[in-house]
Each structure stands twice: as C-alpha cells, then as structure tokens.
Amino acid sequence: MEKSVASVSEAMPAVSASARQTAPISGADQIALSFRRHAITHVYLFPGGTIAPIIDAIETRTKIAIVCPRNEQGAGYAALAHARLTGKPGVLMVTSGPGVTNAVTPIADAYYDNIPLVVLTGQVGTGDMRGSVPVKQRGFQEVDTIDLVRPITKAAFLVKDARDLPEIMDRAFFLAQFGRQGPVVIDLPMNVQRASMPADAYAPTRPRFDEKPKASDEALLRLAHWIETASRPVILAGGGVVAAGAHGALRRLAERRGIPVAMSLPGLGAMPSSSPLSLGLCGYAGSQHANLAIYNSDLLLAIGTTLHVRQTGSLPERTAPKAKIARIDLDLNELEHSRVPLDLAIHADAETALGALDDLLARPAIGSPRTQPWLAAIDSWRARFPLAVKRNSRRLKPQEAIAIADRAVRGKEIIVSTGVGQHQIWVPRHFAFDYPRRLLLTSSGHGTMGYDLPAAIGAKIARPKATVLCFVGDGSLQMNLQELATIAELKLDIKIIVLDNQALSIVAQFQRQNWKSHPTTGDKRNPDFARIARAYGIHSVTVATAASARKAIPAALKRRGPVLIHCRIDPKEELLPMLLGGHTLDDMSFETSF
Ligand SMILES: Cc1ncc(C[n+]2csc(CCOP(=O)(O)OP(=O)(O)O)c2C)c(N)n1
C-alpha cells in the first residue's frame, strides 16, 4: 500500500493564518482543503490529464493515501467497499471522457445500493466545452458528464466558477450521507481546478443533518398490536437495517417475540445465520423454507428493503396473501410506490422505528410461546427442503468449497465479496453471516459482474486486520481481472476463491430453463487462472475434488499474503431451488434444466 501513499508534509498554504490574506490558492487546493474538512484519508482514482491538478494538490500537499487500481471501474468498486466499511463517503476521481464513461457503472451501483460516494470528474476547460452548440464535441475527451450521470446520482454539479468550489464540495459530502445515501458527482473543468482564488474566501458552515423522519405513534401502536396478536409473523430485513446499524434492535425484537427473520441480499447478516430464528436469504434464490414462511405468514414486517422482484417473485400482490403487510422505510417514495400493496407504511429509519417499537411492546419471555407452533412448522419445512449438496459426481461442488472456507475461518472478522451469478447465491446459502463480524459485500441492485475483486481491495484497505475472502465466478473474475495487479502491488492479503464452472452459468441456466436451447454464449474456455495469478506474483493452488479441497483450501487460507484458489467445480451444478417467473413464493422449482 505504501507505494500509493503521498507522504509529503501537510503544508496547505490556506491553513496558515499568516498566509491567509496573502497567498491565493488554486481550485485544486480548495478541493484538497475540503477533503481535509471531511477527514478523508483515502482517495481512489485512475489518473488522466483533466484531474492532474487535483492529483498534484493531494500528492504534494496532503497526507491522503492515493489508491490507484488498474481502471476506473476497479477504483470505483474499491471506493464503494471502503465507504461501506467506514460509514463515510468514498472518494473516486476520474479523468474526463473515457474515465467518466468507465466510472458510470460503479456510480450506478452506489446509487442502487445506497452507498455514499463523492465522485470528482475531470472536464475540459469551460472555454472548450460545447455547451448548447449542436456539435458532438469541442474539447478532446469531452463528454456530457452531468447528463450521463444525472439519473444515477443524488446530485451532479458542474462547477464553472472556482469560488463556488468549497461550498459545492461541502454540499456533495452532505448529500452523499444524508437520508438514503448515494453518489454525488462534481464535474471539474480544467480552468476551474487551476484558477487561483483568495484562500479565505469561504467560511464553511456546518451543514445541519436534518432530523431523521420519526414514525407516528399511531402507526407504531398499530404495528405493536399486530405483532402481539400475530400467530405467524415474519420479518423481512433488508440493507436498510444494516445501513442504519439496527441489527441489534432487530435481533432483540425477533428474540423477544419469537419472530423468524428472512433477509434480502443486502440485509444478510442482520440476523446471524447461526440463530434458529434466521431464515437466511428469501426470494428468487432464497430457500424454500424462507419463502414458505413469508407466503404463509399472517404478519409480514418488511424493514429497510425495496420488496423488489428478487425478493417477492414476479407476482407482488401474492407475496404473502394471508398476511397484513407492514413496511418501515427511510424513503417515502418507496413507501408511496410500494410494489407490494401495504396495510401499514411507516416512514422512519430502521433503528429509530425499532427502538420506539421496543418501548411499546410488552416483555414476554424469550421465544414467545405464541409463535412456537409457527416456528415448529418452519423447522419442518427446513428439514423437508434442505439446501443440501447432491453427491452425484466426483467433481468438486461449489457449495462444498464455500462450506470448507467457511469452517476454515471461524472466529475471525470476515469480509466476503462476490461477483454476480450462481456463486453469488451459493455464498449466502453456504457461508454463515453475522453482521458486523461476518459481512457480505455484493452488487445487489445493479448486479454487476466484476464488483468482486476491486471490492475486496477497498475492503482490505479500509479494514486491514479483517480476513477478506473474494468468492468469484470465472466470468465475473474476468471482468476486472486486471486488479490482480493492484492486489500484488499493494501486497493485500486477500484470498480469492474462483468457482470456475467454465460458464456464465446462471445465464446459461436461465436460457435452458426458458428456451430449452443450448446456450453457446455461456460456455467459456478459460485460461489456467492459477498460472495467471502466478504471473502477477500471487501464490495459487488448484483443486478439483472435494478431497483435495478439504486439504488445500484451509492450508491456502492460512498463508500470509494474497492467494488465488482455483476451484474447478462441477459445471453441471445448478442454482436450485429457484423461484421462476409467474410462480408464488411457495412454489420454487427444484428441477434441473440439463
Ligand atoms: C457487467 C455485467 N454483464 C452482464 C451481466 C449478466 N450476467 C449476470 S450473471 C452472468 C454470468 C456470471 O458468470 P460467472 O461469474 O462465471 O458466475 P456463475 O453464474 O458461473 O457462478 C451474466 C453474464 C451482469 N450481471 N453484469
């Protein structure tokens, strides 16, 4: 990591009182100053001419660490992971034109998964911008950044006058963190970065974080009554529970009232996998017992979750047909436009609402007897529809590789990142999560292959002491394979477990299920990933059977430094059960499509 750290002393001209009146500073220096105001320790960037002034200001006049992956997407996902793990906005910097277009995907991820991110984009000088003239381009590498990112950001600013910079920077940091978190883009023309201005022209005012919305007493009372009288309650916990730090309040509620908890992908770990009340992942790739519980519930309480198609299936009105449905969310728009019809909408952040609810509820003994028959019914479904691995070939099963890794790292602080595909779902099914000791980083709303490796990089930089595991499919790995170079260069102790089925397998399965045809685009002849890792200077091993995996995976995970474990898994293993389109949650498919 040392290589990327700018270690020159922090001699910002603007902070010296004597220099204040006299020495003007540049727009780029103003940006570095605002990083300091917001206690930014790391910026993730890929360089280019139009952000060179800011890079110079950071490198030569601050102690901020610059992390420079191998392309903008890599920098973006690393910044997202850093933000998730520190709770503070990640900072991404990219150059104009191709730098911006490469960054669009991680910006979209930040938007859909509510991750605070401040993105500084270089831009050609204001005199070179095409403005409203009907030509494609005036400046070299000019692109309409603001128009490109507007629908996937909380706000996007084009700064035309350097004197506006400090205030816009403060607003960006405020907006990224306030309410439902997300990305903010600041587009910075070259001449604005280079303009000089008086250092003392800006007196920062501390933006006041507006109070969190507070649930109405009446709504909470109604919900408390429903909880006290329900016989078959289920909680569906989403990313909002994790983001609000409401996992403690959620666990108290579930344990005191004996309420089982199903989770969305971003909500995983809100209830520990080891708890008998955890139903794990629900929805299209959840378990049949979690989905049966939701479907048969008489009270469904959805907290901090969008209830989108991946959680409910394609028939939202029939998600929980026998239940009263209550929903707690920070985002009023989500409540007003809920996909699933609601009986009660509570506009509040998860922690505040659950705290207030706790005060209202009477205190029964742990594991309320009222729900005992319901928990027993769920347990019988759990036994009837296990997420077991079928031993039908000698080949290593992906589920086994994941379970072996899970056991090998018990007792440690674990951060797991994944790509997108079957492996992204096998991980929650076979690896135990328990937020914040064992947490999952994955691209949920945007579902982006290639999130895996760079997210692991940001995670290891943000939490150097944690064990970072990256479970990645062969397809996802190749989206940002170049980031092996960043891992090797920064000597990041990341363990990469490649679940190689020689296919873009989840899409191939989808094609077979729906069109009964052989999906040739899904078949991939892969390189030897272990040799590729070695070429980057990363230790690697290959396993192809369960017996070899049981020895080699724990041994490889014990090594210090980066390791790539190439698991050649059974290419015929499918993601089952799965909820198909047009089916309700009680009716998952268990049938192979081969
Ligand atoms: C950037 C991007 N392009 C395309 C897709 C569509 N897609 C989703 S999963 C997938 C295949 C993933 O393959 P792999 O990483 O090998 O995972 P597997 O399903 O084999 O576990 C594809 C093509 C996507 N999610 N992201």
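Residues numbered from 1 in each chain as written. Predicted model: local features only at pLDDT ≥ 70, side-chain atom pairs only at ≥ 80, totals over all residues. Heavy atoms only, no water.

Draft legend 1. Focus on the pairing of strand 16 (residues 438-441). Burial along strand 16 is two-sided: R438 and L440 and L439 and L441, pointing in opposite directions, are all buried. Sheet analysis places strand 15 (residues 414-418) next to strand 16, joined by 4 bridges and oriented parallel. Of the residues in strand 16, the one forming a bridge with S417 is L441. Each parallel crossover has a hand, and for strand 15 linked through helix 18 (residues 422-430) to strand 16 it is right-handed. (Buried < 20%, exposed > 50% of the residue type's maximum accessible area, 1.4 Å probe, protein only. Helix = DSSP H or I, 4+ residues; strand = E, 2+ residues; numbered from the N terminus. Pairing = 2+ DSSP bridges. Right-handed = clockwise from strand over helix to strand, strands pointing away.)

Draft legend 2. How the structure looks around the packing of helix 2 (residues 27-37) against helix 7 (residues 165-177). Two elements in contact, helix 2 and helix 7, have axes whose closest approach is 9 Å; the angle formed by their N-to-C orientations is 35°. Remark: the crossing between helix 2 and helix 7 carries right-handed chirality. Residues G27, Q30, I31, S34, F35 and R37 of helix 2 form the contact with helix 7, whose own contacting residues are L165, P166, M169, D170 and F173. Residue composition of the contact of helix 2 with helix 7, grouped by class: 6 nonpolar, 3 polar and 2 charged. (Axes fitted to C-alpha atoms, helices over the stretch in contact; angles between N-to-C directions. Left-handed = near helix turned anticlockwise from the far one by under 90°. Contact = heavy atoms within 4.5 Å. Nonpolar A, V, L, I, M, F, W, Y, C, P; charged D, E, K, R; others polar.)

Draft legend 3. Structural context of the environment of I404. In this structure, I404 sits in helix 17 (residues 398-408). Taking the C-alpha atoms as reference points, I404 and I553, 149 residues apart in sequence, are found 7.1 Å from one another. Not counting chain neighbours up to four residues away, the residues in contact with I404 comprise A546, A549, R550, I553 and P554.

Draft legend 4. Structural context of the sheet that holds strand 19 (residues 539-543). The parallel open sheet is built from 6 strands, whose spatial order is 16-15-17-18-20-19. Of all strands in the sheet, those with a lone pairing partner are strand 16 and strand 19, marking the two edges. Put simply, the sheet's adjacent strands are angled 20° from each other on average, direction ignored. With 5 bridges joining them, strand 15 and strand 17 (residues 467-473) adopt parallel strand pairing. Looking across to strand 17, one finds that I415 is bridged to V468. Lying on the sheet, helix 17 is in contact with strand 16, strand 17, strand 18 (494-500) and strand 20 (563-568); it crosses strand 18 at an angle near 165°. This element, helix 19 (residues 452-462), spans strand 15, strand 16, strand 17 and strand 18 of the sheet and lies at about 175° to strand 17.

Draft legend 5. The arrangement of the site of the ligand in detail. Close to the ligand lie 17 residues, the nearest being Q422, H423, G447, G475 and S476. Take H423: an N or O atom from its side chain is 3.0 Å from an oxygen atom of the ligand. I506 places a main-chain nitrogen or oxygen 3.0 Å from an oxygen atom of the ligand. When the ligand is considered free in solution it has 590 Å² of accessible area, and contact with the protein chains removes 77% of it. Broken down by secondary-structure element, the contributors of at least two residues to the shell around the ligand are helix 18, helix 20 (474-479) and helix 22 (505-515). In terms of residue count, helix 20 provides more of the shell around the ligand than any other element does, 4 residues in total. By residue class, the composition of the shell around the ligand is 7 nonpolar, 9 polar and 1 charged. (Near = heavy atom within 4 Å. Polar contact = N/O pair within 3.5 Å; in protein donor to acceptor, adjacent residues only side chain to side chain. Areas by Shrake-Rupley, 256 points an atom, 1.4 Å probe, with all protein chains shown as cover.)

Draft legend 6. Fine view of the layout of surface pockets. The volume enclosed by the second largest pocket comes to roughly 440 Å³. Lining the second largest pocket are 21 residues, and of these A388, K390, E573, E574 and L576 lie nearest its centre. Here the element with the most residues in the lining of the second largest pocket is helix 18; it accounts for 3 residues. In terms of residue class, the lining of the second largest pocket is built from 8 nonpolar, 5 polar and 8 charged. (1 Å grid on protein atoms, 1.4 Å probe; cavity = no way out; pocket = protein on both sides within 12 Å on 5 of 7 lines; lining within 4 Å. Points joined across faces, edges and corners; volume = space filled by probe spheres on them.)

Draft legend 7. Examining empty space enclosed by the protein more closely. Counted according to the given criterion, the structure contains 3 cavities of 30 Å³ or more. For the second largest cavity, the calculated volume is near 40 Å³. Together, A249, R252, L253, L354, G355 and D358 line the second largest cavity. The set of elements that each furnish at least two residues to the lining of the second largest cavity consists of helix 11 (247-257) and helix 15 (350-360). Class assignment of the residues belonging to the lining of the second largest cavity gives a composition of 3 nonpolar, 1 polar and 2 charged.

Draft legend 8. Spatial organisation of the nonpolar core. In terms of nonpolar packing, the biggest core is built from 148 residues, with F431, F471 and C567 touching the most fellow members. Contact partners of F431, with chain neighbours within four places excluded, come to S273, I402, A405, D406, V409, I414, V416, R438, L469 and F471. One finds A57, V91, A162 and A172 within the second-largest nonpolar core, a separate group that totals 33 residues. (Core = buried A, V, L, I, M, F, W, Y, C linked by side-chain atoms within 4.5 Å.)

Draft legend 9. Quick look at the sheet that holds strand 2 (residues 42-45). Taking strand neighbours across the sheet as the criterion, the 6 strands line up as 3-2-4-5-7-6 in an open arrangement whose pairing is parallel. The open sheet is flanked by strand 3 (65-67) and strand 6 (155-158), the only strands paired with a single partner. Strand after strand, the sheet turns through a mean of 20° between neighbouring axes, direction not considered. As judged from the 7 bridges shared by strand 5 (residues 117-123) and strand 7 (residues 183-189), these two strands associate in the parallel manner. By the bridge assignment for strand 7, V118 is matched with V184.

Draft legend 10. Main features of the pattern of salt bridges. Under the definition given, this model contains 23 salt bridges. The salt bridge involving R180 is made with D329; its shortest N-O contact spans 3.9 Å. Of this pair, R180 sits in the loop between helix 7 and strand 7 while D329 sits in strand 13 (residues 324-329), and the two are 149 residues apart along the sequence. Given a relative accessible area of 26%, R180 falls into the partly exposed group. Since its relative accessible area comes to 4%, D329 is described here as buried. Salt-bridge contacts for R410 lead to D406; the nearest nitrogen and oxygen are separated by 2.3 Å. Several salt bridges converge on common partners, so that one network encompasses R180, R327, D329, D331 and E334. (Salt bridge = Lys/Arg side-chain N within 4 Å of Asp/Glu carboxyl O.)

Draft legend 11. Local environment of the packing of helix 9 (residues 217-229) against helix 15. Interhelical geometry of helix 9 versus helix 15 gives an angle of 65° and a closest axis separation of 10 Å. For the pair helix 9 and helix 15, the sense of crossing is right-handed. Between helix 9 and helix 15, the contacting residues are L220, L221, L223, A224 and I227 on the first element and A353, A356, L357 and L360 on the second. Residues belonging to the contact of helix 9 with helix 15 are distributed by class as follows: 9 nonpolar, no polar and no charged.

Draft legend 12. Local environment of the state of the cysteines. In this structure the tally under the stated criterion is 0 disulfides. As a non-bridged cysteine, C68 has C470 as the owner of its nearest cysteine sulfur, 20 Å distant. (Disulfide = S-S within 2.5 Å.)

Draft legend 13. Examining the confidence of the model for the chain more closely. Chain-level statistics for the chain give a pLDDT mean of 93 and a share of 95% at 70 or above. Scored below 50 in pLDDT, residues 1-20 makes 45 contacts in the model with residues more than four places away or belonging to other chains. (pLDDT = per-residue confidence, 0-100.)

Draft legend 14. Just the pairing of strand 15, in detail. For strand 15, a buried count of 5 out of 5 residues is recorded, marking the element as mostly surrounded by other parts of the structure. On strand 15, burial covers both faces: I414, V416 and T418 on one face and I415 and S417 on the other are all buried.

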